[in-house]
Amino acid sequence: MGKMPSALESDLSYRNLIHQVTSRDVFDQISNGGMSAYAGFDPTSNSLHVGHLLPLLTLRRLQENGVRPIVVAGGGTGMIGDPSGKSAERNLLEPDLLASNLRAIEAQLGRLLDFDSPNLSTRAVLVDNSSWLSGLSLLEFLRDVGKHFSVSQMIAKDSVKLRLERSQGGISYTEFSYMLLQAYDFAWLYDNYNCKIQIGASDQWGNITMGIELIRRLRGAESWGITIPLLTQGDGTKFGKTESGSVWLDASKTSPYELYQFFLNTSDADIGQLMKYFSFQTPEGIEELIKLTASEPEARRAQRALAGEVVEMVHGTESLSSAKRISESLFSTSIDRLSEKELNEAFGNAPSSKISMGLLAGPGISLLEIMAQSGLEKSLSSARRTVTQGGAYVNNQKQTDPELVIDSSYLLCNRYLVLRKGKKTFHVVTFA
RNA sequence: GGGUCGGUGUCCGAGUGGCCAAAGGAAGCAGACUGUAAAUCUGCCGGCUCAGCCUACGGGGGUUCGAAUCCCUCCCGGCCCA
């Protein structure tokens, strides 16, 4: 046979986005048009994080190739919890928390996928599986869905097996049922949106194939699954986690500046693959940047390009330029020469806190106390440690005396104090 | 319901009467080297009025000069049996 792969298939292959696929035929189907593909996620938080980006951007790549993306928020299954990749039983989500999470996430999705396309056949849609799961009766479910699966088959799934093999923990019946609900989701989407493709991270393979199986049994129809790689960082840890927690897409949880820095700090070893995963540049452009990384790594051209692209996509052009300006002033120029306007620009999104001006009056307030109160350090003890170890800076000037007392003469523009811990952790204290 | 094993610091995990703020590992923080990278090395890694003191080993009570370690009780979890 040896057909030429479609443009989409070769692009996804180039980017290593295809971990497994039930059948390569799916790309022919896509070329023929009229297909929908869905990816689901659990709305366990009020924001998406960078880890969610990969499946969503993969949907976007499909959308650009004529596929209609369906994002399924697991409002119903979110109350259950997917055992895949989890070592422990999930806490169940409260319904009202779930609802508010969904509202917040909806806004973010609009930046990643086209929900306003005039072309109905490719316009993205967001659906919440609680809209069909919550009305499903147990008897109905057991009769229509449960009877199609054998327990021995379900127990054999890796996600379940791993949990059963653990000497402690086990798996509850609730979580055990998760895969059936996800299978039911797929079947429901098949019936209601004519959706025949599901994509997900590689740990979703088992759940996806169960959905395909269910559709075959229920409707005698074919459907497809594509899994994408599970993102890890160079050291094998989960992608998108930093010392301060997850890297969120919500600007109030992770500022555009921090998001920019997150990608800018990608290691040389990882940047090539990350470009392929996240960037919408052409393969030629990406290869060029990879070459530049090899020849002059210290310039970090690829890192800058990727950071810029992601921040612009998630937060817009304005936020990107402000993120770049902040980076400039923090790492390239001396901050005590900045005007108040520039300071605001630079630190508007940086972690900040307010401390009463009154504390500065008279003898002043100790640096340690400011560091602890501002939240830069969690206790006086750890503030003392940082100062003693030479990791503390006030207005970019190293301070090594733990007894240092700060008075109003330290203030920038009469009210700001820029604290820095180590090389990259900044914190602005505003006195009022 | 019965039996049994277990609940230790951010996590994993030693410790079974004093030498325990508690081994070891991971994560994290700072420093050095660099490129705001990786790797490596060094130090730190409960709190405080910081070379001393306070609070801690699931909760409560008890034994003891002294308990994470022993006893009682309660709570929670694993496994096995019913």
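To be clear, the structure that these remarks concern was listed above.
Criteria and cut-off values
- Residues numbered from 1 in each chain as written.
- Chains lettered and ligands numbered in written order.
- Predicted model: local features only at pLDDT ≥ 70, side-chain atom pairs only at ≥ 80, totals over all residues.
- Heavy atoms only, no water.
- Pairing = 2+ DSSP bridges.
- Helix = DSSP H or I, 4+ residues; strand = E, 2+ residues; numbered from the N terminus.
- Contact = heavy atoms within 4.5 Å.
- Axes fitted to C-alpha atoms, helices over the stretch in contact; angles between N-to-C directions.
- Buried < 20%, exposed > 50% of the residue type's maximum accessible area, 1.4 Å probe, protein only.
- Right-handed = clockwise from strand over helix to strand, strands pointing away.
- Phe/Tyr/Trp six-rings, centres within 6.5 Å; stacked < 30°, edge-to-face > 60°.
- Lys NZ or Arg CZ within 6 Å of the ring centre and 35° of its normal.
- Parallel < 35°, antiparallel > 145°, perpendicular 65-115°, else oblique.
- Left-handed = near helix turned anticlockwise from the far one by under 90°.
- Nonpolar A, V, L, I, M, F, W, Y, C, P; charged D, E, K, R; others polar.
- Core = buried A, V, L, I, M, F, W, Y, C linked by side-chain atoms within 4.5 Å.

Asks: An account of the sheet that holds strand β9 (residues 352-355) is requested, with residue identities and associated values reported.
Replies: Consider a sheet: its strands pair through backbone hydrogen bonds, and that pairing is either parallel or antiparallel. Within the open sheet, the five strands sit side by side as β9-β15-β14-β11-β12. Their pairing is mixed. Each of the sheet's edge strands pairs with one partner strand only, and the pair in question is β9 and β12 (397-398). Across the sheet, helix α18 (residues 367-374) touches β9, β11 (392-394), β14 (416-421) and β15 (425-431), and the angle it forms with β14 is around 85°.

Asks: Break down the pairing of strand β2 (residues 36-41) for me, citing the residues and quoting the values.
Replies: Of all six residues that make up β2, five are buried, and the element is covered over most of its length. Sheet analysis places β2 next to strand β3 (residues 68-73), joined by six bridges and oriented parallel. Looking at the pairing, Phe41 lines up with Ala73 of β3. Viewed along the sheet, the connection from β2 through helix α3 (residues 50-63) into β3 turns out right-handed. Judged from the two bridges that link them, β2 and strand β5 (residues 197-201) form a sheet pairing that is parallel.

Asks: Could you give me a rundown of the packing of aromatic side chains, with the residues and numbers involved?
Replies: A ring pair, where both rings are aromatic, is described by two values, the distance of the centres and the angle of the planes. This model, assessed by the stated rule, comprises six aromatic pairs. Ring centres of Trp132 and Trp188 lie 3.9 Å apart, and the angle between their planes is 15°; this geometry places the pair in the stacked category. With Trp132 in helix α5 (residues 130-133) and Trp188 in helix α10 (residues 178-193), this pair connects stretches of sequence that are 56 residues apart. Judged by its relative accessible area of 6%, Trp132 is buried. Taken together, a centroid distance of 5.1 Å and an interplanar angle of 85° make the contact between Phe262 and Phe263 edge-to-face. Classification of Phe262 as buried rests on a relative accessible area of 13%. Three or more aromatic residues link up through ring pairs in this structure, and these residues are Trp132, Trp188 and Tyr193. When the ring centre of Phe280 is taken as reference, the NZ or CZ atom of Arg61 above it lies at 4.1 Å. Residue placement shows Lys276 over the ring face of Tyr14; its charged tip is 5.0 Å from the ring centre.

Asks: A description of the sheet that holds strand β6 (residues 224-228) should follow, citing residues and the corresponding values.
Replies: In space, the six strands of this open sheet follow the order β1-β6-β5-β2-β3-β4, with mixed pairing throughout. The open sheet has two free edges, formed respectively by β1 (20-21) and β4 (125-128), since each of these has just one partner strand. Bridge count for β1 against β6 is two bridges, and the pairing is antiparallel. Within the sheet, the bridge partner assigned to Val21 lies in β6 and is Ile226. Strands β2, β3, β5 and β6 of the sheet are contacted by α3, whose axis makes an angle of about 155° with β3. Together, β2, β3 and β4 form the strand contacts of helix α4 (residues 95-112), whose direction differs from that of β4 by roughly 165°.

Asks: Outline the side chain of Thr386, listing residues and values.
Replies: Here Thr386 shows up in helix α19 (residues 380-388). The class of Thr386 is buried, set by a relative accessible area of 10%. Not counting the four nearest positions on each side in its chain, Thr386 is found in contact with Met371, Glu377, Gly391, Ala392 and Lys421.

Asks: Describe the packing of helix α15 (residues 301-315) against helix α16 (residues 317-331), naming the residues involved and giving the relevant values.
Replies: Between α15 and α16, the shortest axis-to-axis distance is 7 Å and the interhelical angle comes to 135°. When the axes of α15 and α16 are compared, the pair comes out oblique. Judged by the sense of rotation from one axis to the other, the crossing of α15 with α16 is right-handed. Across the interface between the two elements, Gly308, Val311, Glu312 and His315 of α15 pack against Thr317, Ser319 and Leu320 of α16. Here the contact of α15 with α16 is composed, by residue class, of two nonpolar, four polar and one charged.

Asks: Run through the environment of Leu97, naming residues and quoting values.
Replies: Structurally, Leu97 is set in helix α4. When the C-alpha atoms of Leu97 and Leu380 are compared, they prove to be 35 Å apart, with 283 residues separating the residues in sequence.

Asks: So what's going on with the nonpolar core? Residues and values would help.
Replies: By size, the foremost hydrophobic cluster in this structure holds 72 residues, and its most contacted members are Ile30, Leu59, Leu62, Leu112, Phe263, Phe278 and Phe347. Look past the residues within four positions of Phe347 in its chain and what remains in contact with it is Leu330, Ile335, Val418, Phe426 and Val428. Counting residues in each nonpolar core, the second largest holds 30 residues, with Val160, Met179, Ile212 and Leu214 among its members.

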